[in-house]
Amino acid sequence: MNSVDQLFQYTQTDSSVLKDPEVAHVVLNQNKVLGQNTVPGLNVDLKEMKEGIQAFLTVEEGIHIPKTVHLCFGMMPEKGVQRIEMEINLEKNSRLAVLAHCVFPTAVDVQHIMNATINIAEGAQYSYIEKHIHSLEGGVKVYPKATVHLGPYAQYKTEFDLLKGRVGLIDIDYQTHCDTKSVLEMTAKINGLAQDTIKVNETGFLNGKGARGVLTSKIAVRDEAKAEIRNKLTASAPYARGHVDCKEIVQDNGTATAIPIVEVHNPKAHITHEAAIGSVDAKQLQTLLSRGLSEDEAVELIIQGLLS
Amino acid sequence: MSLLQVKNLNLFLDGKKILDNLSLDVWEGHVHALVGPNGAGKSTLAFTIMGLSGYQNIQGDIIYKGESITHMGLDERARKGITLAWQEPARFEGLKVKDYLKVPSHGKDKKTLEQVLNQVGLEPANYLNRAVDKTLSGGERKKIELASILAMKPRIALLDEPDSGIDVESLEKIFEAVKILKKDGTTVVLITHSLAVLKQAEHAFLICCGRLLKKGTIDKISRYFGEKCIPCDHKNRPQNSQQGSSS
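What counts, and at which threshold
Each chain has its residues counted from 1, following the order in which its sequence is written. Starting at A for chains and at 1 for ligands, labels are handed out in the order in which the entities are written. With the structure being a predicted model, the display of local features is reserved for residues of pLDDT at least 70 and the display and counting of side-chain atom pairs for 80 or more, all residues being used for whole-chain, interface and lining totals. With hydrogens and water excluded, all non-hydrogen atoms of the structure serve as input to the side-chain values. Only the stretch in contact is used when a helix axis is fitted, and all axes are lines through C-alpha atoms; the angle between N-to-C directions ranges over 0 to 180 degrees. Helix numbers and strand numbers start at the N terminus; a helix is a DSSP run of H or I with at least 4 residues, a strand a run of E with at least 2. The scheme is simple: roughly parallel for angles under 35 degrees, roughly antiparallel for over 145, roughly perpendicular for 65 to 115, oblique for anything else. Crossings are classed by handedness, with left-handed meaning an anticlockwise turn of the near helix from the far one by less than a right angle and right-handed meaning a clockwise turn. Residue contacts follow a heavy-atom distance rule, with two residues in contact if any of their heavy atoms lie within 4.5 Å. Here the nonpolar group is Ala, Val, Leu, Ile, Met, Phe, Trp, Tyr, Cys and Pro; Asp, Glu, Lys and Arg are the charged ones; every other residue, Gly included, is treated as polar. Summary of the burial criterion: residues with accessible area below 20% of their type's maximum are buried, those above 50% are exposed, and those between are partly exposed, where the area comes from a 1.4 Å probe applied to protein chains only. Any carboxyl oxygen of Asp or Glu within 4 Å of a side-chain nitrogen of Lys or Arg constitutes a salt bridge here.

## Things to note about the packing of helix 6 (residues 138-152) of chain B against helix 7 (residues 168-183) of chain B
Residues and elements named next belong to chain B. Between helix 6 and helix 7, the least distance of the axes is 11 Å, while the angle of their chain directions is 15°. Here helix 6 is positioned roughly parallel relative to helix 7, judged by the angle of their axes. Considering the relative orientation of helix 6 and helix 7, their crossing is left-handed. Here Lys143, Leu146, Ile149 and Leu150 of helix 6 come into contact with helix 7, specifically with Ser170, Ile174, Ala177, Ile180 and Leu181. Classifying every residue of the contact of helix 6 with helix 7 by side-chain character gives 7 nonpolar, 1 polar and 1 charged.

As structure tokens, this is what we get:
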């Protein structure tokens, strides 16, 4: 098995996608580029740094990349730092979908730092799903930071999943600026166990007329895990619409805090929020118990459903 | 033959007596109806038999197959074959119908899941991959819950207001599902204040004010319910407070 396959096997994704010439991909092990493929209209420039990599991705104007691009940001060593400095530019009316696999299967003491600047020009559409798979040691510290600019009529949909292995520490910090009639959808799904710490700080600025945004967080904390979710939407233009939604399930000695902030600076804008924190719903639990599941099995199924 | 016996059951909630020295026998293989006006204690009795949280601190006894289950937890009772369908079923965000139906059927194949959905009048292809959440109507969730009971094949199914939220066209499907349960050997208790549902049963218990007011044939109970309970000025209070059960 070559080094690319060795790392990619942990993504739980069929590695045959890497052999498809129509699928663009980048596979990184810490600061080393193990594999790369690109497709017409997508320009990828990678520069290796001491502790990571600089990546520049551009989708040319009007180009729709037909197949999902796979980015594998992994790290096989048990200890170390992986720093990703990334700039993504979607030119006018372009389209791109990315599935990022962040795999740290053997991590004991690893830091994964991501600083991204994302520019989505007028009418462009960008979908970004980031799936983390960690070791069971809890030795991963993840610091994803992104600043996103959405041009008029642009769309940005992102989902962050950390459901396999131990979280360790995660500290998400995303800021998005939305121009006229642009659409933002940001979702984080994280399952915290043991002494895991989860911090989510997502902000959306609905600056353009008719801009729309939804910030969603679905978090489970069990054992001694802690979660603090601060999601903020600010609307400062007429007809801007937004919703902040946070659901957290707390079991055992877990602790959860949700701070949804909604700010409106225009009388024609409208933003709502909803936050629910607590144990699993009693009726859900009792329904599953009345079908013969044990309490542990029922709680697991409810949490899996929430995070699915 | 009695499969389940409720003996001198008393239950207080917030200092109020909700079940008042209530006794009844549920016969194996029969379809029973538990009828009575709103607030009579029908659902409370079902919750108590099932052992739901908040309904376990009782006086009296519940005997199932000759064994007291009063001390048992909800899941233990379920594993013995007792289950409950709620008047308003729970919503499960993200949990797919196929995974929900697999819970009681212990990993049975897709064919079984499709069969139980067909039995409640739902097209499997349209539902198996949907979530049991707010995107389903109350009636759809009701049917899916009934499908999960069909998949479970319990010994006793307590069905709380099985017609609630169900459109007229689908009602026959619900009644057919009750017949399938019976055919599969399940003893059914229908909790209702609807005469249409009552008529699906073979035997009925009339409850008022937490007490067993009458028991007997469907004709007898429906006549009494229609003539005495519906026009009763003292809803949910026995006309003769000294009156006990009578056959």
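## Section: unusual backbone geometry
In this model, Asp252 of chain A sits at a positive phi of 55°, which is unusual for a non-glycine residue. One can find Asp252 of chain A in the loop between strand 17 (241-250) and strand 18 (255-264). Judged by relative accessible area, Asp252 of chain A falls into the exposed class, the value being 55%. If you check the backbone angles, Asn8 of chain B has positive phi at about 45° while not being a glycine. Take Asn8 of chain B: it is sitting in strand 1 (residues 2-13). The partly exposed category is assigned to Asn8 of chain B, whose relative accessible area is 41%.

## A closer look at the pattern of salt bridges
Enumeration according to the criterion identifies 25 salt bridges over all chains in this entry. Notably, a salt bridge pairs Glu93 of chain B with Lys247 of chain A, separated by 3.6 Å at the nearest N-O pair. Highlighted residues: Glu93 of chain B in the loop between strand 6 (82-85) and helix 3 (97-105) and Lys247 of chain A in strand 17, drawn from two different chains. Close ionic contact of Arg211 of chain B with Asp20 of chain B constitutes a salt bridge, the shortest N to O distance being 2.8 Å. You can see Arg211 of chain B sitting in strand 10 (residues 211-216) and its partner Asp20 of chain B sitting in strand 2 (residues 16-27), a full 191 residues away along the chain. Under the relative-accessibility criterion, Arg211 of chain B is labelled partly exposed at 25%.

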